[in-house]
Amino acid sequence: MKILMVSAEAVPFAKTGGLADAVSAFAISLTKMGHDVKIVIPRYYKINRSKLKQLEGPMAVAAGTAETWTAVYTTQMPGCEKLSIYFIDHEQCFGRDAIYGNKQEPDFHDNTYRFAVLCHGAFQLCRKLNWYPDIMHAHDWSAGLVPVILKHLCRREEAFKNTASIYTIHNMGYQGKYSKNNYPDLGLPWDLYHGANFEQYGDINLMQAAIASADMITTVSPTYAKEIQTPEGGFGLDGLLRVRSDRIRGIVNGVDTKIWNPQTDPYLPENYSVTSLEGKAACKRELQETMGFEINPDIPVIGIVTRLADQKGIGPLFGPNYGCMYTLCMKLKVQVALLGSGEKWCENEIRSLQSRLPNFKAVLGYKEDLSHLIEAGSDFFLMPSKYEPCGLNQMYSLLYGTLPIVRRTGGLADTVENYNEKTGDGTGFMLDNLTPSAVFNTVGWALYAYYNKKEHIKKMQKKAMKSNFSWDTSANNYVQIYKTALRYGCGREI
């Protein structure tokens, strides 16, 4: 199949989070399966044009109220020469360091126009290349115009009549909501404001329109696919999602095992495997030394690598006067190592805790080498998310034999198997209610098993490390969804 991925980000060129990793790894897997895949993203300021090849001639894009003229650059994906990446170049839109916003302007005022240029540009790119895909796969709100443009404008063209759209929701919390005054930026006729379901409470919702128009809708885990159809998880779009429930599928993202593999990880002092776990003890010692803990192999280490955001459950952990972290470290024989950054109140609370607790150490910011060491050197990984569409850190933890302590939600529920005290089966420890006491009690449960059921812990580690989170599995599942989309959208059978 011919597949065009449309995204605001893709590694190694532009990244703010897991979306970039997922798009590139997914496209690489599809390419290696023999599919003809291309990715199109904006060329942001930090992407060096001198390392790219410019396509001949300018490209006119129908964003805004008049044609917007852009350039197009291309290169090959590092490590996968058959996968081409295309960059829409427009200095006014993308000639800035940030992708969606910066500290001064967290959500750029012209994002509607910027990403309209990307989405209309994706169709123009197909025309410029004389390459018309079977599937246009749009990722998140920033690419939400793609299914709308295909359904309401382009499918009437001979070239696109056999093209179907997939829309992947990576996080319902970010929908692309803007004032109705921004609608002309989209380069669409006004009859589509209501006709394509953009209107929400008198304003624009890009994700809502994408959900209404796409031939198939996917999310990044089966449980999250169910949760977004509830008032609690739908962020106001649960009704529309229930109406379209027959088109919704959930597929867990994969893990790039070239980067996350304890047998080959270059950031570790010693590598290890499921059949030889000795190196994990060396990683624990290195972590304890790096963080300034007492070096003691008998004290369990809990790792946390996270954005300090409400979604990640930071309230019950660090909320002043009610979070459980202080009590947890005071009452339990444990060491807690944290790496992360985010909300200022939380960073300040973490600094305060660190000054008062010898067994709580934190690095505020992000360090790739330390993130790997925490995953490998910890005994447990704490991730009590309020909601988690897919989650990657719990999968990294499993592959490294570090047992996750998670809330039963989204991708966490789909990838972690809860501990069975009687048999020792499972790969982690789960809580249901996101409260300080529930987090404390679940951590206590895990530590009880660590101190009193060592044979269970060892059994769980080995089972966890045998988990299969290959992108090939996810890609194979997506191919079936692509076939369904072609049947629904174009009446085609492949």
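Procedures and definitions
Residues numbered from 1 in each chain as written. Predicted model: local features only at pLDDT ≥ 70, side-chain atom pairs only at ≥ 80, totals over all residues. Heavy atoms only, no water. Helix = DSSP H or I, 4+ residues; strand = E, 2+ residues; numbered from the N terminus. Buried < 20%, exposed > 50% of the residue type's maximum accessible area, 1.4 Å probe, protein only. Areas by Shrake-Rupley, 256 points an atom, 1.4 Å probe, with all protein chains shown as cover. Lys, Arg positive; Asp, Glu negative; His and termini not counted. Charge placed at Lys NZ, Arg CZ, Asp CG, Glu CD. Pairing = 2+ DSSP bridges. Contact = heavy atoms within 4.5 Å. Axes fitted to C-alpha atoms, helices over the stretch in contact; angles between N-to-C directions. Phe/Tyr/Trp six-rings, centres within 6.5 Å; stacked < 30°, edge-to-face > 60°. Parallel < 35°, antiparallel > 145°, perpendicular 65-115°, else oblique. Nonpolar A, V, L, I, M, F, W, Y, C, P; charged D, E, K, R; others polar. Right-handed = clockwise from strand over helix to strand, strands pointing away. Core = buried A, V, L, I, M, F, W, Y, C linked by side-chain atoms within 4.5 Å. Patch = residues over 30% accessible without salt bridge, like charges linked within 9 Å, V, L, I, M, F, W, Y side chains within 5 Å. Salt bridge = Lys/Arg side-chain N within 4 Å of Asp/Glu carboxyl O. Polar contact = N/O pair within 3.5 Å; in protein donor to acceptor, adjacent residues only side chain to side chain.

**Q** Mind showing me how you'd approach the overall build of the chain here?
**A** Tallying secondary structure elements over the chain gives 18 helices and 19 strands in all. By principal-axis analysis of the C-alpha atoms, the chain measures approximately 70 × 45 × 45 Å. Taking all 494 residues of the chain together, the buried fraction comes to 60%. Looking at the chain as shown, the accessible area adds up to about 19900 Å², and 48% of this sits on carbon and sulfur atoms. Between the averaged position of the 53 positive side-chain charges in the chain and that of its 50 negative side-chain charges there is a distance of 3 Å.

**Q** How should the sheet that holds strand β10 (residues 199–200) be read in this particular structure?
**A** Strands pair in a sheet through their backbones, by hydrogen bonds, and they do so in one of two ways: parallel or antiparallel. Strand order in this open sheet of three strands is β9-β11-β10, and the pairing throughout is antiparallel. One side of each edge strand has no neighbouring strand; the edge strands of this open sheet are β9 (177–178) and β10. Here β10 runs beside strand β11 (residues 203–205); their pairing, made up of two bridges, is antiparallel. Each residue of the ladder has a partner; that of E199, found in β11, is I204. Of the strands in this sheet, β9, β10 and β11 are in contact with helix α6 (residues 206–213), which crosses β11 at around 55 degrees.

**Q** Just to check I follow, could you spell out the environment of V6 for this structure?
**A** With respect to the secondary-structure elements, V6 resides in strand β1 (residues 2–6). Sequence-wise, V6 and G144 are 138 residues apart; in three dimensions their C-alpha atoms are separated by 9.3 Å. With near-sequence residues (within four places) excluded, V6 lies in contact with V40, L118, A122, H137, A138, H139, A143 and V146.

**Q** Before we go on, may I ask you to explain the packing of aromatic side chains in this structure?
**A** For any pair of aromatic rings, the description rests on two quantities: the centre-to-centre distance and the angle between the ring planes. Within this structure, the stated rule accounts for 25 aromatic pairs. Both rings, one in F26 and one in Y478, keep their centres 4.6 Å apart while their planes meet at 45 degrees; by these two values the pair is tilted. Linking F26 in helix α1 (residues 18–32) with Y478 in helix α18 (residues 471–490), this pair joins segments that are 452 residues apart in sequence. Overall, F26 belongs to the buried group, its relative accessible area being 2%. Ring geometry for Y132 and F160: centres 5.2 Å apart, planes at 85 degrees, overall edge-to-face. One end of the pair, Y132, is in the loop between α3 (111–129) and β7 (135–139); the other, F160, is in the loop between α4 (145–152) and β8 (164–169), with 28 residues separating them in the sequence. Under the relative-accessibility criterion, Y132 is labelled partly exposed at 25%.

**Q** Help me understand unusual backbone geometry in this model?
**A** When glycine is set aside, most residues are seen to have a negative phi, and most peptide bonds are trans. For the bond from V11 to P12, the omega torsion is 5 degrees, close enough to zero to count as cis. The phi dihedral of D140 falls on the positive side, at around 65 degrees, and the residue is not glycine. For D140, the location among the structural elements is in the loop between β7 and α4.

**Q** Before we go on, may I ask you to explain the packing of α1 against α18 in this structure?
**A** The angle between the axes and the distance between the axes are what describe a pair of packed helices. The geometry of α1 relative to α18 is characterised by a closest axis approach of 9 Å and an angle of 80 degrees between their N-to-C directions. Classed by the angle they form, the pair α1 and α18 counts as roughly perpendicular. Residues A22, A25, F26, S29 and L30 of α1 form the contact with α18, whose own contacting residues are W471, D472, A475, Y478, V479 and Y482. In the contact of α1 with α18, the residues fall into nine nonpolar, one polar and one charged.

**Q** Could you clarify how one ought to interpret the pairing of β7 in this entry?
**A** Where a strand is regular, its side chains alternate between the two sheet faces. Of all five residues in β7, five are buried; the element is thus mostly enclosed. Burial of β7 is two-sided: the residues I135, H137 and H139 facing one way and the residues M136 and A138 facing the other way are all buried. With four bridges joining them, β1 and β7 adopt parallel strand pairing. In the strand pairing of β7, V6 is matched with A138. Summarising the sheet, β7 and β8 pair through five bridges and their orientation is parallel. When the sheet's bridge partners are listed, I135 is paired in β8 with A164. Read from β7 through α4 to β8, the crossover connection turns out right-handed.

**Q** What's the story with the sheet that holds strand β15 (residues 335–342) in this structure? I'm lost.
**A** Strand order in the open sheet formed by six strands is β16-β15-β14-β17-β18-β19, and the pairing between neighbours is parallel. A strand with exactly one partner marks an edge of an open sheet, and here the two such strands are β16 (360–364) and β19 (429–431). Going across the sheet, the axis of each strand differs from the next one's by a mean of 20 degrees, ignoring polarity. Where strand β14 (residues 301–308) lies against β15, eight bridges are found, and the strand directions are parallel. Residue pairing in the sheet places I302 in a bridge with V336 of β15.

**Q** Would you mind going over the nonpolar core with me for this structure?
**A** Soluble globular proteins tend to bury their nonpolar side chains together. With 103 residues, the main nonpolar core has I39, F198 and Y482 as its most contacted residues. If one sorts the elements of this core by residue count, α3 sits on top with ten residues. Non-local contacts of I39, meaning those with residues more than four positions away in its chain, are made with L4, M5, A10, V23, S24, A27, M77, L83, S84, I85 and Y86. Within the second largest apolar cluster, 69 residues are counted, among which are Y272, L353, L398 and I405.

**Q** Is there a simple way to think about a positive patch on the surface in this case?
**A** A surface patch of positive charge is lined by K454, K458, K462 and K466. Inspection of the secondary structure assignment puts K454 in helix α17 (residues 454–465).

**Q** What am I meant to see in helix α13 (residues 368–377) here?
**A** Each full turn of the α-helix corresponds to 3.6 residues, which orients residues three or four apart in the same direction. With eight of ten residues buried, α13 lies mostly within the body of the structure. Turning to α13, its buried residues are L370, S371, H372, L373, I374, E375, A376 and G377. Buried residues belonging to α13 abut α9 (278–291), β14, β15, β16, β17 (380–383) and α14 (393–399).

**Q** Would you take a moment to explain the side chain of N359 for this structure?
**A** Secondary-structure assignment places N359 in the loop between α12 (344–356) and β16. For N359, the side chain forms a polar contact with the main-chain oxygen of V334, separated by 2.9 Å.

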